[in-house]
Amino acid sequence: MLSEDKYGNPLHDRPPEVTAVRIPAGDVTLSADLAIPSDSRAIVAFAHGSGSGRHSTRNRYVAETLNRYHFATLLADLLTEEEEVIDMRTRHLRFDIPMLANRLIDIAAWLQSEPRTKHLKIGWFGASTGAGAALIAAARRPENIMAVVSRGGRPDLAGDYLPEVMAPVLLIVGENDFEVLKLNKSALARLNPNGRSRLDIVPNATHLFEEPGTLEAAALLAAQWFQTHSGPLEEEV
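Quick look at the structure, then.

### Quick notes on the overall build of the protein
Broken down by element type, the protein carries six helices and ten strands. Here the protein holds 237 residues, and 53% of them are scored as buried. Sequence separation of at least 24 residues holds for 68% of the intrachain contacts in the protein that already meet a minimum separation of 6. When the accessible surface of the protein is summed, it comes to about 11100 Å², and 52% of that surface belongs to carbon and sulfur atoms.

### Remarks on the packing of helix α1 (residues 57-68) against helix α6 (residues 214-229)
α6 packs onto α1 with a crossing angle of 45° between their chain directions and a minimal axis gap of 9 Å. By the angle between their axes, α1 is oblique relative to α6. Helix-helix and strand crossings are classified by hand; for α1 and α6 the assignment is right-handed. Every residue of α6 that contacts α1 at Arg 58, Tyr 61, Val 62, Thr 65 and Leu 66 is listed here: Leu 215, Glu 216, Ala 219, Leu 220, Ala 222, Ala 223 and Phe 226. Of the residues assigned to the contact of α1 with α6, the class counts are nine nonpolar, one polar and two charged.

### Topic: unusual backbone geometry
We note that Ser 128 has phi near 55°; this positive angle belongs to a residue other than glycine. In this structure, Ser 128 sits in the loop between β7 (122-127) and α4 (129-140). Under the relative-accessibility criterion, Ser 128 is labelled buried at 17%. Positive phi is not limited to glycine here, since Asn 204 has a value of about 70°. Considering the arrangement of structural elements, one finds Asn 204 in the loop between β10 (198-202) and α6. Its relative accessible area of 52% is what places Asn 204 among the exposed residues.

### Comments concerning the side chain of Ser 230
Tracing the backbone through its elements, the reader meets Ser 230 in the segment after α6. A polar contact is formed between the side chain of Ser 230 and the backbone oxygen of Gln 227, at a distance of 3.3 Å. In this structure, Ser 230 is in contact with Arg 41, Ala 42, Phe 71 and Met 146, ignoring residues within four places of it in sequence.

### Description of the pairing of strand β8 (residues 145-151)
In terms of residue burial, β8 counts as a mostly covered element, since seven of its seven residues are buried. Here β7 pairs with β8 via six bridges, running parallel. Within the sheet, the bridge partner assigned to Trp 124 lies in β8 and is Val 148. You can see the chain leave β7, run along α4 and come back into β8, and the turn it takes is right-handed. Sheet topology note: the β8/strand β9 (residues 169-174) ladder contains four bridges and is parallel. For Ser 150, the partnering residue across the bridge sits in β9 and is Leu 171.

### Details of the pattern of salt bridges
Taken as a whole, this structure holds six salt bridges when the rule is applied. Note that Arg 154 is salt-bridged to Asp 156, the shortest N-O span being 2.7 Å. Arg 154 gets classed as partly exposed once you look at its relative accessible area, which sits at 26%.

### Overview of the environment of Asp 160
Of note, Asp 160 is situated in the loop between β8 and β9. A distance of 3.2 Å separates the side chain of Asp 160 from the side chain of Arg 190, its partner in a polar contact.

### A look at helix α5 (residues 178-190)
Helix length check: α5 (13 residues) gives 19 Å between terminal C-alpha atoms against 18 Å at 1.5 Å per residue, within 8%. Within α5, burial applies to Val 180, Leu 181, Asn 184 and Ala 187. Take α5 and look down its axis: the buried residues cluster within an arc of 125°, on one side only. Turned more than 90 degrees away from the buried face of α5, the exposed residues are Phe 178, Lys 182 and Ala 189. Looking at the buried side of α5, the elements it contacts are β8, β9 and β10.

### A look at the sheet that holds β7
If you trace the eight strands from one edge of the open sheet to the other, you get β3-β4-β6-β5-β7-β8-β9-β10, paired in mixed fashion. At either margin of the open sheet sits one strand with a lone partner, and together these are β3 (18-25) and β10. Here the average twist between neighbouring strands, direction ignored, is 25°. As judged from the eight bridges shared by β3 and strand β4 (residues 28-35), these two strands associate in the antiparallel manner. Among the inter-strand pairings, Arg 22 is bridged to a residue of β4, identified as Ser 31. Relative to the sheet, α5 contacts β8, β9 and β10, its axis offset from that of β10 by approximately 165°.

Quick notes on the rules
- Residues numbered from 1 in each chain as written.
- Predicted model: local features only at pLDDT ≥ 70, side-chain atom pairs only at ≥ 80, totals over all residues.
- Heavy atoms only, no water.
- Helix = DSSP H or I, 4+ residues; strand = E, 2+ residues; numbered from the N terminus.
- Buried < 20%, exposed > 50% of the residue type's maximum accessible area, 1.4 Å probe, protein only.
- Contact = heavy atoms within 4.5 Å.
- Areas by Shrake-Rupley, 256 points an atom, 1.4 Å probe, with all protein chains shown as cover.
- Axes fitted to C-alpha atoms, helices over the stretch in contact; angles between N-to-C directions.
- Parallel < 35°, antiparallel > 145°, perpendicular 65-115°, else oblique.
- Left-handed = near helix turned anticlockwise from the far one by under 90°.
- Nonpolar A, V, L, I, M, F, W, Y, C, P; charged D, E, K, R; others polar.
- Polar contact = N/O pair within 3.5 Å; in protein donor to acceptor, adjacent residues only side chain to side chain.
- Pairing = 2+ DSSP bridges.
- Right-handed = clockwise from strand over helix to strand, strands pointing away.
- Salt bridge = Lys/Arg side-chain N within 4 Å of Asp/Glu carboxyl O.
- Expected span 1.5 Å × (residues − 1).
- Arc of directions from axis to C-beta.

Spelled out as structure tokens, the structure:
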């Protein structure tokens, strides 16, 4: 049995099995968690923010929400364990946006060759600095990219790639995340001039969406955005 959301959309009641996978990216191999509900409409790959990883409680909550909306999800560590140790000391790699974008492109290539996911369109979900890397990846390799969502992100870090992003982009920012909100408004003005991108402001939320109900609101906005741009859900047979 499937439950429904308030709009009458069918939701999965049971969470999918999560499988640990290893993804080659340049000269390193990244650890990731893959979850594929039955009749997934597409897959959403996460680009986490600075100092975060695939175990982020916020991103895992969003991933579980997307799973219920029939989206497969991939949460990957964008740094290796050795790089994490170095970055804890230098705090440099987490802000190397071009390098992170290259790794996201390699992740997309893996998804398009992996038998379990190669038939699925890809969405990017970026948080904090990961949003800038996701937008660069979407601009440089637009093939099979259905949409991008940024939660409390830094789309401004995509720089001159912003006008080159052809996928529809949703920027989600907390009402009280004042500096990031300003940066997102500026980035929105530079994003794809086709009018397919949008800024949604979550009331009462700060940067990490820690206030009651705010992360849930952001997750639902993301699910609805991907749902709108992924095409109709095929009926089970």
